[in-house]
Amino acid sequence: MPFSVPPSDTAGVREFHASSRFLAQLDAAPPRVQKAVRKQLDLLRTQGLRYPSLGAEKHDPARKIWWLRATLDWRFYLQDAGDTFLLLSLFPHPK
């Protein structure tokens, strides 16, 4: 299921696909978190995984699953599938 992020003029932009789990979690998240996720995905699309505010960390290197920061209190998982990113889940960060 494609996930819409504002278009970018950056070459080599990847497509996002969201799991039904991610979409349900995004819908249930507070509006401020929804806005932050969209902002972070736009940064991911234009700047790549190494952009500092994404706080990207490899969670499962063998399956190319990354853990990224949505806000200080929320994180999300995505899988690098070559030409696309699969958005897996969104959750409050355990403190």
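Note that the structure is predicted; figures quoted are calculated from it, not measured.

**Structural notes on the side chain of Asp80**
Here Asp80 is to be found in strand E4 (residues 74-80). Here Gly82 takes part through its backbone nitrogen, which lies 3.0 Å from a polar atom of the side chain of Asp80. Leave out the neighbours within four places in its chain, and Asp80 touches Arg14, Lys64, Trp66 and Phe85.

**With respect to the confidence of the model for the protein chain**
Here the protein chain averages 87 in pLDDT, while 86% of its residues score no lower than 70. Overall, residues 1-12 carries pLDDT values under 50, and its contacts beyond four positions in sequence, including any with other chains, amount to 25 contacts.

**As for the sheet that holds E4**
Strands in a sheet are paired, the pairing made by backbone hydrogen bonds, and the direction either parallel or antiparallel. Taken in spatial order, the 5 strands of this open sheet run E1-E5-E4-E3-E2, and their pairing is mixed. Each end of this open sheet is capped by a strand with a single partner; those strands are strand E1 (15-18) and strand E2 (57-60). With strand direction ignored, the average angle separating the axes of adjacent strands in the sheet is 35 degrees. Inspection of the sheet shows E2 paired to strand E3 (residues 65-69) by 3 bridges, in the antiparallel sense. In the sheet register, Lys58 faces E3, and the bridge partner there is Trp66.

**A look at the nonpolar core**
Among the nonpolar cores identified, the biggest contains 22 residues, and Phe22, Leu44, Phe76 and Leu90 are the most heavily contacted of them. Those elements that provide at least two residues to this core are E1, helix H1 (20-28), helix H2 (31-47), E3, E4 and strand E5 (84-92). Here this core takes 5 residues from H2, the largest share from any one element. For Leu44, the residues in contact, after removing those within four places along its chain, are Phe16, Leu49, Leu54, Leu68, Leu78 and Phe85.

Cut-offs and rules
- Residues numbered from 1 in each chain as written.
- Predicted model: local features only at pLDDT ≥ 70, side-chain atom pairs only at ≥ 80, totals over all residues.
- Heavy atoms only, no water.
- Helix = DSSP H or I, 4+ residues; strand = E, 2+ residues; numbered from the N terminus.
- Polar contact = N/O pair within 3.5 Å; in protein donor to acceptor, adjacent residues only side chain to side chain.
- Contact = heavy atoms within 4.5 Å.
- pLDDT = per-residue confidence, 0-100.
- Pairing = 2+ DSSP bridges.
- Axes fitted to C-alpha atoms, helices over the stretch in contact; angles between N-to-C directions.
- Core = buried A, V, L, I, M, F, W, Y, C linked by side-chain atoms within 4.5 Å.
- Buried < 20%, exposed > 50% of the residue type's maximum accessible area, 1.4 Å probe, protein only.

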